[in-house]
Amino acid sequence: PLLNWANNCRDDALKILLTIEARSDPEINCCPSCPVGKEEGTPEFQCIDCFSRQLTCASCCVRRHRNKPLDSIKHWNGSFFEDTSLQDLGLRIQLGHPDGSICPNPTAGPTDFVVIHTNKIHHVSVDFCHCPQSVMRPHWEQLMLNEWLPATTDRPRTACTFRALEQFHMLSFRGKITAYDYYTTLEKLTDNIGGKEFSSRYSAFLRMARQWRHLKELKRAGRGNDGVRKVKDTEIGELGVQCIACPRPGVNLPVGWTEAPEEQQ
């Protein structure tokens, strides 16, 4: 297959690679996604995480990504696609309303809020819910309800998605990937020209990864289902995982194994 590709398909593959880095519909000057009755905008924005390569205007791009706020967006500047973000297009992420409803009483989060995800590191604009039913729910809980683990419980400004934490958790065990290598890879995916904009968030990522592993071991041990004892009441060895290869009567040793001949034990 590799020889066939090199001899017969390589030139065409390179042509397609260059084709998708340019506009595929240079003749279309009106956004095809604008609702009926709305003045059509200029299609200049493309999401590289969505399956469709269709260009949309800024308002349609934001509208289509309200439930996908961590996608990567490109802007056609007339000559090539350059990086932009949903934050630059005006998207604000509403927290505290998992059903997607609009909060009537939002309060803006920190202006430098950063979310670490599997595809890159994102600057985002977040709004926390201050509805009467959420008054007793702090900001860090609202973040976790959206599967973002905050770096701190006191006015968080950095969070990591559960998906990114799970991915690093698996890569660290299966591929022996260090936290530094994983995080710097995300930095390169965000800005591959050597920028150090997110280097200050590395220590926060280490803290979140440690918290994530601890939460997972507590969940695995059933500590979240104990309505009486708190986590701090966990006894020594209670979170340990029993070895499946070690002999245990009633588990992998048959009844009466002590009475078997020594050569069979």
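Residues numbered from 1 in each chain as written. Predicted model: local features only at pLDDT ≥ 70, side-chain atom pairs only at ≥ 80, totals over all residues. Heavy atoms only, no water.

The chain carries the name CxC2-like cysteine cluster KDZ transposase-associated domain-containing protein in an unreviewed UniProt entry, which gives Lentinula raphanica as its organism.

*Asks:* What's the story with the pairing of strand β2 (residues 73–76) in this structure? I'm lost.
*Replies:* For a regular strand, side chains alternate in direction, first toward one face of the sheet and then toward the other. Here strand β1 (residues 45–47) runs beside β2; their pairing, made up of three bridges, is antiparallel. Pairing of Phe45 across the sheet is with His75, part of β2. With four bridges connecting them, β2 and strand β3 (residues 81–84) associate as antiparallel partners. Within β3, the residue paired with Ile73 across the bridge is Thr84. The hairpin formed by β2 and β3 contains four residues between the paired strands, and Gly78 there has a positive phi angle of roughly 105°. (Pairing = 2+ DSSP bridges. Helix = DSSP H or I, 4+ residues; strand = E, 2+ residues; numbered from the N terminus.)

*Asks:* Quick question: what am I supposed to make of the side chain of Thr84 here?
*Replies:* Counting through the fold element by element, Thr84 comes out in strand β3. In this view, Thr84 contacts Phe45, Ile73, Lys74 and His75; residues no more than four positions away in its chain are not counted. (Contact = heavy atoms within 4.5 Å.)

*Asks:* Could you clarify how one ought to interpret the nonpolar core in this entry?
*Replies:* The tendency in soluble globular proteins is for nonpolar side chains to be buried as a group. Ranked by internal contacts, the top residues of the largest apolar core, which has 20 residues, are Ile116, Ile121, Cys160, Leu165, Phe205 and Met208. For this core, the secondary-structure elements that each account for two or more residues are β6 (114–116), α4 (162–174), α5 (179–190) and α6 (202–220). Among the elements that take part in this core, α6 stands out by supplying five residues, more than any other. When sequence neighbours within four positions are dropped, the list of residues in contact with Cys160 reads Ile116, Glu147, Trp148, Leu149, Leu165, Phe205 and Met208. (Core = buried A, V, L, I, M, F, W, Y, C linked by side-chain atoms within 4.5 Å. Buried < 20%, exposed > 50% of the residue type's maximum accessible area, 1.4 Å probe, protein only.)

*Asks:* Is there a simple way to explain unusual backbone geometry in this structure?
*Replies:* Negative phi is the rule for most residues except glycine; trans is the rule for most peptide bonds. Positive phi values are uncommon outside glycine, yet Arg155 reaches one of about 50°. With respect to the secondary-structure elements, Arg155 resides in the loop between β9 (148–150) and β10 (158–161). For Lys176, which is not a glycine, the phi torsion comes out positive at approximately 60°.

*Asks:* How should the sheet that holds β2 be read in this particular structure?
*Replies:* Either a parallel or an antiparallel arrangement is found when strands of a sheet pair, and the pairing is made through backbone hydrogen bonds. The three strands are arranged β1-β2-β3 in an open sheet whose pairing can be described as antiparallel. Single-partner strands in this sheet number two, and they are β1 and β3. Between one strand and the next, the sheet's axes are offset by a mean angle of 35°, whatever the strand orientation. (Axes fitted to C-alpha atoms, helices over the stretch in contact; angles between N-to-C directions.)

*Asks:* Is there a simple way to think about the pattern of salt bridges in this case?
*Replies:* Per the counting criterion, the structure on display carries 10 salt bridges. The partner of Arg92 in a salt bridge is Asp127, with the nearest N and O atoms 2.9 Å apart. With Arg92 in the loop between β3 and β4 (93–94) and Asp127 in strand β8 (residues 126–129), this pair connects stretches of sequence that are 35 residues apart. By relative accessible area, Arg92 is classed as partly exposed at 39%. What makes Asp127 buried here is its relative accessible area of 11%. The closest approach of N and O atoms between Asp226 and Arg229, which form a salt bridge, is 3.0 Å. Residue classification places Asp226 among the partly exposed residues on the basis of a relative accessible area of 25%. A relative accessible area of 27% places Arg229 in the partly exposed class. (Salt bridge = Lys/Arg side-chain N within 4 Å of Asp/Glu carboxyl O.)

*Asks:* Sorry, what's going on with the sheet that holds β4 here?
*Replies:* Across the sheet, which stays open at both edges, the three strands sit in the order β4-β8-β5 with mixed pairing between neighbours. The open sheet has two edge strands with one neighbour each: β4 and β5 (106–108). With two bridges joining them, β4 and β8 adopt parallel strand pairing. Its bridge partner lying in β8, Gln94 is registered against Asp127.

*Asks:* Any chance you could explain the environment of Lys120 here in plain terms?
*Replies:* Mapped onto the fold, Lys120 is located in the loop between β6 and β7 (121–123). Put simply, Lys120 and Asn4 are 116 residues apart on the chain and 35 Å apart in space, counted from C-alpha to C-alpha. Residues contacting Lys120, with those up to four places away along its chain left out, are Ser72, Val115, Leu186, Leu189 and Thr190.

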